[in-house]
Amino acid sequence: MKVQIDKRLKDDCNVNLGCIFYKTNVIKTNKELWDYIENEIIDNIQKTFTLENLTDQINIKTSREAYKVLGKEPSRYRVSSEALIRRILQGKGLYKINNVVDTNNLISIETGYSVGSYDLGNLQGSINFRIGKEGEKYQGIGKEMINIEKLPVFADNLGAYGSPTSDSTRAMITEKSKEILTVLISFNGIEGLKKSVDVAKKYLTKYANAEDISSIIV
């Protein structure tokens, strides 16, 4: 499946995408993954960040700057990496969804990139990362309709289905998902992105049963 970035979004926000394609069997949880998150990752986050300095993390900082350029308030529409780490710092913990989504969130927390995972079986045509149109909305996962106007959004032939803030229900990962695209979103160039994609592939293989895995940088 072809993935491209809209020229205006690319020019305005210096965005790149790390795209990982793979097949898997989605299961409810992975004990080894959660042992790692709870015993190492959460402790490291709590030692490294505070609510006050979190937005200084380079990948979160540049994501927030991109939102401002597009005219979206980053403290109201938080990128997912920031929102996840804030939950940890506030003592709220993380949701347990399934092995793919939980691994997705691990990658986001560890790298600071917003990361989205999508069921390719529910997408049609090519994927375009573009700016949300005036009045554009979609049904968010576990939420009401989300205003995605001016947000950077993923869209296929049927319309928008994902963003660095919150994804729609249309392409969400369920236990029926078989072919998946996981995307790391960088507003900070490709050097760190390439390294993070390699880490993400290792995590997806180890914790999310990823097979026939391949990746591209867009």
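Scroll up a little and you will see the structure.
Residues numbered from 1 in each chain as written. Predicted model: local features only at pLDDT ≥ 70, side-chain atom pairs only at ≥ 80, totals over all residues. Heavy atoms only, no water.

1. Thoughts on the layout of surface pockets
Our working rule: Space inside and on the surface of the protein is sampled on a 1 Å grid over the protein atoms alone, with a cavity defined as a set of points where a 1.4 Å probe fits but cannot get out and a pocket as an open set with protein on both sides within 12 Å along at least 5 of 7 lines; lining residues have an atom within 4 Å of a point. Grid points are joined across faces, edges and corners, and a volume is the space filled by probe spheres set on the points. Helix and strand assignments follow DSSP, with helices taken as H or I runs no shorter than four residues and strands as E runs no shorter than two, numbered in order from the N terminus. As a working rule, the residues Ala, Val, Leu, Ile, Met, Phe, Trp, Tyr, Cys and Pro are called nonpolar, Asp, Glu, Lys and Arg charged, and the rest polar, with Gly in that last group.
Of the voids in this model, the largest pocket is the one considered here, and its volume is about 1100 Å³. Among the secondary structure elements, those contributing two or more residues to the lining of the largest pocket are α4 (80-89), α5 (99-111), β3 (114-119) and β6 (145-147). Looking at the lining of the largest pocket, its residues break down into 16 nonpolar, 13 polar and 7 charged.

2. Side note on helix α6 (residues 191-207)
The test is simple: An expected span of 1.5 Å times one less than the residue number is assigned to each helix. The classification of residues rests on relative accessible area computed with a 1.4 Å probe and restricted to protein chains. Under 20% of the type maximum is buried, over 50% is exposed, and intermediate values are partly exposed. This arc corresponds to the set of directions leading from the helix axis out to the C-beta atoms. The contact criterion used throughout is that any non-hydrogen atoms of two residues lie within 4.5 Å.
For α6, with 17 residues, the first-to-last C-alpha span of 25 Å sits near the 24 Å given by 1.5 Å per residue. Buried within α6 we find Leu193, Ser196, Val197, Ala200, Tyr203, Leu204 and Tyr207. Along the long axis of α6, the arc covered by the buried residues comes to 130°, so they all point the same way. In α6, the exposed positions angled more than 90 degrees off the buried face are occupied by Glu191, Lys195 and Lys202. On the buried face of α6, the contacting elements are β2 (16-23), α2 (31-48), α5, β9 (179-186) and β10 (211-217). Phi turns positive one or two residues past the end of α6, at Asn209, with a value near 60°.

3. Quick look at α2
To be explicit about the condition: A residue's bend is given by the angle between axes fitted to the 7 residues ending at it and the 7 residues starting at it. Here a polar contact is taken to be a pair of N or O atoms separated by no more than 3.5 Å, where protein atoms must pair a possible hydrogen donor with a possible acceptor and residues adjacent in sequence count only if both atoms sit in side chains.
The end-to-end C-alpha distance of α2 is 25 Å, a good match for the 26 Å that 18 residues give at a rise of 1.5 Å each. Helix geometry: α2 is bent most strongly at Ile37, by close to 35°. Those residues of α2 lying buried are Leu33, Trp34, Tyr36, Ile37, Ile41, Ile42 and Ile45. Tucked into the core, α2 has its buried residues touching α4, α5 and α6. Residue Asn30 occupies the N-cap position of α2, its side-chain oxygen lying 3.0 Å from the main-chain nitrogen of Glu32.

4. Observations regarding the sheet that holds strand β4 (residues 127-131)
Put simply, the test is: Here, a strand pair is defined by DSSP locating no fewer than two bridges between the strands. Only the stretch in contact is used when a helix axis is fitted, and all axes are lines through C-alpha atoms; the angle between N-to-C directions ranges over 0 to 180 degrees.
Within the open sheet, the 4 strands sit side by side as β1-β4-β7-β8. Their pairing is mixed. The strands lining the two open edges of the sheet, one partner per strand, are β1 (3-5) and β8 (159-162). Adjacent strand axes in the sheet meet at a mean angle of 40° when their direction is disregarded. Of the strand pairs in this sheet, β4 and strand β7 (residues 152-156) are connected by 4 bridges, and their pairing is antiparallel. The partner of Asn128 across the bridge, within β7, is Ala155.

Fair warning: the whole summary comes from geometry, so function is off the table for now.
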